[in-house]
Amino acid sequence: VQLQASGGGLVQAGGSLRLSCAASGRTFSSYGMGWFRQAPGKEREFVARINWSGGSTYYAASVKGRFTISRDNAKNTVYLQMNSLKPEDTAVYYCAADPTRAMKYDYWGQGTLVTVSS
């Protein structure tokens with residue numbers, strides 16, 4: 001499985017961005033998917049995850065109510081809609097695939113940079 005994240009950029013605080021993660025392979029629809037982020041000088045942290053059907057989602061407390069994860073299995077794509085962005089959301093965002101649905105992410109995209117200015 002190959003994952004290609006896109007949609008990052010520079011946005012002012014309070015603004016919005018939508019990240020996309022396009023996956024190769026015919027088994028995408030059976031995978032759990034997640035978004036993670038890594039800020040400069042910090043460890044990578046979990047942001048959100050979605051189950052294979054899109055019927056179940058879970059968010060980190062820091063983004064709950066502001067970010068929405070979704071997926072389109074027909075397009076082999078998972079999204080992260082980010083609203084009310086804050087400077088502390090600045091990070092490289094990574095999508096990841098969980099093929100065994102055990103929250104073990106075996107495949108990772110290359111990351112897309114999100115910069116939120118104050």
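Computed from a prediction, not measured in an experiment: that's the story for all the values here.

Visitor: Please set out the sheet that holds strand β8 (residues 77–82) residue by residue, giving values where relevant.
Guide: Read across the sheet, four strands follow the order β1-β3-β8-β7 without closing on themselves; strand pairing throughout is antiparallel. The open sheet is flanked by β1 (3–6) and β7 (67–72), the only strands paired with a single partner. Strand after strand, the sheet turns through a mean of 15° between neighbouring axes, direction not considered.

Visitor: Run through the packing of aromatic side chains, naming residues and quoting values.
Guide: A full pass over the atoms with the stated rule returns five aromatic pairs. Seen in terms of ring centroids, F36 and Y105 are 5.1 Å apart; in terms of plane orientation they differ by 75°. Their pairing is edge-to-face. Here F36 is found in strand β4 (residues 32–38), whereas its partner Y105 is found in the loop between β9 (91–98) and β10 (107–108), with 69 residues between them in sequence. Among the residues examined, Y105 registers a relative accessible area of 15% and is labelled buried. Ring-pair connections join several aromatic residues into one group, and the members of that group are F36, F46, Y58, Y105 and W108. Directly above the aromatic system of W108 lies the positively charged group of R44, at a separation of 3.9 Å from the ring centroid. Over the aromatic face of F28 sits the side chain of R71, whose NZ or CZ is 4.5 Å from the ring centroid.

Visitor: Which residues make up the layout of surface pockets, and what values go with them?
Guide: Considered as a void within the structure, the largest pocket measures approximately 160 Å³ in volume. Going through the elements one at a time, β4, β5 (45–50) and β6 (57–59) are the ones with two or more residues in the lining of the largest pocket. Partitioned by chemical class, the residues of the lining of the largest pocket number six nonpolar, four polar and three charged.

Visitor: Go over the side chain of T90 with me, naming the residues and quoting the values.
Guide: As for its placement among the helices and strands, T90 is situated in the loop between β8 and β9. A polar contact is formed between the side chain of T90 and the backbone oxygen of P87, at a distance of 2.9 Å. A distance of 2.9 Å separates a polar side-chain atom of T90 from the backbone nitrogen of V116. With sequence-adjacent residues up to four places away left out, T90 is seen in contact with A39, P40, V114, T115 and V116.

Visitor: If you had to explain the pattern of salt bridges to someone new, which residues and values would you point to?
Guide: Evaluation of the coordinates by the stated rule reveals four salt bridges. In this structure, E45 engages R37 in a salt bridge whose closest nitrogen and oxygen atoms are separated by 2.6 Å. As a salt-bridge pair, D89 and R37 come within 2.9 Å of each other at their nearest N and O atoms. On the criterion of sequence distance, the pair formed by D89 in the loop between β8 and β9 and R37 in strand β4 is long-range, its members being 52 residues apart. Across this residue pair, the class does not change: D89 and R37 are buried. It is possible to trace a salt-bridge network through shared partners that takes in R37, E45, R66 and D89.

Rules used throughout
Every chain's residues receive numbers from 1 upward, in the order its sequence appears when written. In keeping with the model being predicted, local features are shown solely for residues with a pLDDT of at least 70 and side-chain atom pairs are shown and tallied solely at 80 or more, while totals for entire chains, interfaces and linings include all residues. Only hydrogens and water are set aside; all other atoms, that is, all heavy atoms of the structure, feed into the side-chain values. By the convention used here, strands pair only if DSSP detects at least 2 bridges between them. The helix and strand labels rest on DSSP assignments: H or I over at least four residues marks a helix, E over at least two residues marks a strand, and numbering proceeds from the N terminus. Each axis is a line fitted through C-alpha atoms, taken for helices only over the stretch in contact, and angles between the N-to-C directions span 0 to 180 degrees. Only Phe, Tyr and Trp rings take part, Trp by its six-membered ring, and two of them pair if their centres are within 6.5 Å. Stacked means planes under 30 degrees apart, edge-to-face means over 60, and tilted covers everything else. Remark: exposure states derive from per-residue accessible area (1.4 Å probe, protein chains only) relative to the maximum for the residue type, with buried under 20%, exposed over 50%, and partly exposed in between. Charge-over-ring contacts are defined here by two conditions on Lys NZ or Arg CZ: a distance within 6 Å of the ring centre and an angle within 35 degrees of the ring normal. Cavities and pockets were defined on a 1 Å grid built over protein atoms only: a cavity is a set of grid points that admits a 1.4 Å probe from which the probe cannot escape, a pocket is an open set flanked by protein on both sides within 12 Å along at least five of seven lines, and lining residues are those with an atom within 4 Å of any such point. Grid points are joined across faces, edges and corners, and a volume is the space filled by probe spheres set on the points. Residues are grouped as follows: nonpolar covers Ala, Val, Leu, Ile, Met, Phe, Trp, Tyr, Cys and Pro; charged covers Asp, Glu, Lys and Arg; every other residue, Gly included, is treated as polar. Polar contact is defined as a pair of N or O atoms within 3.5 Å, subject to the rule that within protein one atom must be able to donate a hydrogen and the other to accept it, and that residues adjacent in sequence are counted only when both atoms are side-chain atoms. Residues are treated as being in contact if the distance between any of their heavy atoms lies within 4.5 Å. Throughout this description, the term salt bridge denotes a Lys or Arg side-chain nitrogen within 4 Å of a carboxyl oxygen of Asp or Glu.

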